[in-house]
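Below are the chains, spelled out letter by letter.
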Amino acid sequence: MHPIAAADPAIWKVLQDERIRQQDGLEMIASENYTSSAILAAQGSVLTNKYAEGYPGRRYYGGCEVVDEAEKLAIDRACALFGAENANVQPHSGASANMAVYFAALNPGDTIVAMNLAHGGHLTHGMHLNFSGKLYNVKHYGVRPDDGRIDYDQVESLCKEHKPKLVVAGASAYSRTIQFDQFADICKRHGALFMVDMAHIAGLVAGGQHPSPVPWADFVTSTTHKTLRGPRSGFIMCRKEWIQKINQAVFPGLQGGPLMHVVAAKAIGFLEASQPEFRAYAAQVVANARTIAHELLSHGYRLISGGTDNHLVLVDVNASGLSGRQAERALDAAGITVNRNGIPFDTRPPLDPSGVRIGTPALTTRGMTEVEMRQIAAWMHRVLKAPDDTAAQAAVRAEVRELCKSFPAPHEHA
Ligand SMILES: *Cc1c(COP(=O)(O)O)cnc(C)c1O
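Owing to the predicted nature of the structure, the values given are computational and were not obtained by experimental measurement.

This next bit is on the sheet that holds strand β14 (residues 339-341). Pairing in this open sheet of four strands is antiparallel, and the strands run β11-β12-β15-β14 from one edge to the other. Unpaired on one side and paired on the other, β11 (302-303) and β14 mark the two borders of the sheet. As paired elements, β11 and strand β12 (residues 312-316) share two bridges and run antiparallel to each other. Paired with L303 across the bridge in β12 is V315. Where helix α12 (residues 276-298) meets the sheet, it contacts β11, β12 and β15 (355-359), and its direction lies at approximately 20° from that of β12.

Written out as structure tokens, the structure reads:
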């Protein structure tokens, strides 16, 4: 009997139900992925028992000599993978990685220029209910109304007017390549520090499918669990002159002990992402997203920016007579999991916005390619053109379940 089944049948049932849900459906939330069994195992390992406040060789607890090796491996592999000078691998999440950079580089009340949440930015880029919006004076740039691309002229004019200490690039719902060189030019001209939050695209950067921010930015933050396919966590890379301040901001500034089981899992993730197979994976993620975009366009849908360069597609379902919530629910009933999402210049409320965000990282991990993407886009259209047709949803649901059998999730291989 599995130890969890013996100790806690209620939680064992949750784990089994979720395992089956992850196997039986099409996971198309752009920020989700399936980790390897090695990464799952590291997170369930004895390293969870160890306190290790401080940094390798400089801990506030005894007995850290073994876990020190895990953290050193994670730091060295992150730096090698992305060509960075220094890294801190202790942030518990992408949000806390961002918080650490703000604490290291800014004082409360300082000015930040960052991307508008409503145009694809993130909560931690200055949303009014988030700490970032409460502690700092944030001015937001967005995308251009005509082509849905970042308005670099607006970034420049905001910098000219507001003289920010920090400019933030990076997004959660932006389907085009981000021009880090252009951002860096603007920052240089206006004396601003430059931070890139590459949470969504880190795996594409590692796999050579998106330009790297590392040569351009003073700070690069990221999650490890999205396209990068590691454990649920975060990390920071920076230039040499900032590492001491960053380390202090993470500990003792923001956190107590690091999660050493997750640090070890991050080390495995960085190793996996440095393999040739990961480059092929990243290329297939992008090819799959392009195929979804192409197929949806041919079915008559309106896509923000007209397509994609990366792992996601933002669809304006309102232009097809649906709300985002309606589309999310209908697709979910058919076994296709996406999330409703605001679109730039949205006229609908945030809880029921005009768009859905569709991503390919998780399905690509399962081995799906263009053939499956064409089929999935056809299913999406079948469901969305008649969102109340429960018979169509059930029919698609059955076909989805069949397809999923041929593409087992990594945890089903073990
Ligand atoms: C997902 C994301 C984050 C936050 O990551 P969490 O681990 O959920 O805190 C930060 N920034 C961007 C751009 C993201 O997409």
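So, about the site of the ligand. Taken together, 13 residues form the shell around the ligand, and within it G94, A95, S172, D197 and K226 come nearest. The backbone of G94 places a nitrogen or oxygen atom 2.9 Å from an oxygen atom of the ligand. Note that an oxygen atom of the ligand is positioned 2.8 Å from one of the side-chain N or O atoms of K226. Its free accessible area being 380 Å², the ligand has 84% of it covered by the protein chains. For the shell around the ligand, the leading source of residues is helix α5 (residues 94-105), giving three residues. A per-class count over the shell around the ligand returns three nonpolar, eight polar and two charged.

Here we come to the sheet that holds strand β6 (residues 137-141). Judged by pairing direction, the sheet is mixed, and its seven strands sit side by side in the order β4-β10-β9-β8-β7-β5-β6 without closing on themselves. For this open sheet the edge positions go to β4 (86-88) and β6, each flanked by a neighbour on one side alone. The sheet shows a mean angle of 20° between the axes of neighbouring strands, taken without regard to direction. Examined bridge by bridge, strand β5 (residues 111-115) and strand β7 (residues 166-169) share two bridges and lie parallel to one another. Among the inter-strand pairings, V113 is bridged to a residue of β7, identified as V167. Relative to β6, helix α7 (residues 152-162) is tilted by about 155°, and along the sheet it contacts β5, β6 and β7.

Glancing now at the environment of P350. Mapped onto the fold, P350 is located in the loop between β14 and β15. Taking the C-alpha atoms as reference points, P350 and G324, separated by 26 residues in sequence, lie 9.6 Å from one another.

As for its placement among the helices and strands, H125 is situated in the loop between β5 and α6 (131-135). Note on H125: relative accessible area 2%, which makes it buried. Setting aside anything within four residues of it in sequence, one finds H125 in contact with N98, Y102, A114, M115, S132, V138, H140, V168, G170 and D197. At a separation of 2.8 Å, a polar atom in the side chain of H125 contacts the side chain of D197.

Taken together, the buried positions of helix α8 (residues 180-190) are F180, F183, A184, I186, C187 and H190. Down the axis of α8, the smallest arc covering the buried residues is 160°, so these residues share one side. Away from the buried face of α8 by more than 90 degrees, exposed residues K188 and R189 are located. The inward-facing, buried residues of α8 abut β6, α7, β7 and β8 (193-197). Phi turns positive one or two residues past the end of α8, at G191, with a value near 65°.

Glancing now at the domain arrangement of the protein chain. Domain annotation of the protein chain identifies domain 1 (40-273) and domain 2 (277-413). Placing a centre on the C-alpha atoms of domain 1 and another on those of domain 2 gives a separation of 28 Å. Listed by partner, the interface residues are 28 residues for domain 1 and 25 residues for domain 2. With both sides pooled, the region where domain 1 packs onto domain 2 buries about 2200 Å², and carbon together with sulfur makes up 57% of that total.

With that settled, consider unusual backbone geometry. The amide bond that connects F251 to the next residue, P252, takes the cis arrangement and shows omega of 10°. Looking at the secondary structure, you find P252 in helix α10 (residues 243-254). Look at K163: it is not a glycine, yet its phi comes out positive at around 45°. Within the secondary structure, K163 sits in the loop between α7 and β7.

Attention shifts here to the nonpolar core. Of all hydrophobic cores here, the largest spans 56 residues; its most connected members are F82, F183 and M198. Here this core gets seven residues from one element, more than from any other, and that element is helix α4 (residues 65-82). The two domains that each donate at least three residues to this core are domain 1 (40-273) and domain 2 (277-413). Here F183 is in contact with Y141, I150, Y152, V155, V167, A169, I178 and F194, once residues within four sequence places are set aside. Of all hydrophobic cores here, the second largest spans 33 residues; its members include L303, L322, I376 and A377.

Rules behind the numbers
Residues numbered from 1 in each chain as written. Predicted model: local features only at pLDDT ≥ 70, side-chain atom pairs only at ≥ 80, totals over all residues. Heavy atoms only, no water. Pairing = 2+ DSSP bridges. Helix = DSSP H or I, 4+ residues; strand = E, 2+ residues; numbered from the N terminus. Contact = heavy atoms within 4.5 Å. Axes fitted to C-alpha atoms, helices over the stretch in contact; angles between N-to-C directions. Near = heavy atom within 4 Å. Polar contact = N/O pair within 3.5 Å; in protein donor to acceptor, adjacent residues only side chain to side chain. Areas by Shrake-Rupley, 256 points an atom, 1.4 Å probe, with all protein chains shown as cover. Nonpolar A, V, L, I, M, F, W, Y, C, P; charged D, E, K, R; others polar. Buried < 20%, exposed > 50% of the residue type's maximum accessible area, 1.4 Å probe, protein only. Arc of directions from axis to C-beta. Domains from an automatic or database assignment. Buried area = accessible area lost by both parts, 1.4 Å probe. Core = buried A, V, L, I, M, F, W, Y, C linked by side-chain atoms within 4.5 Å.

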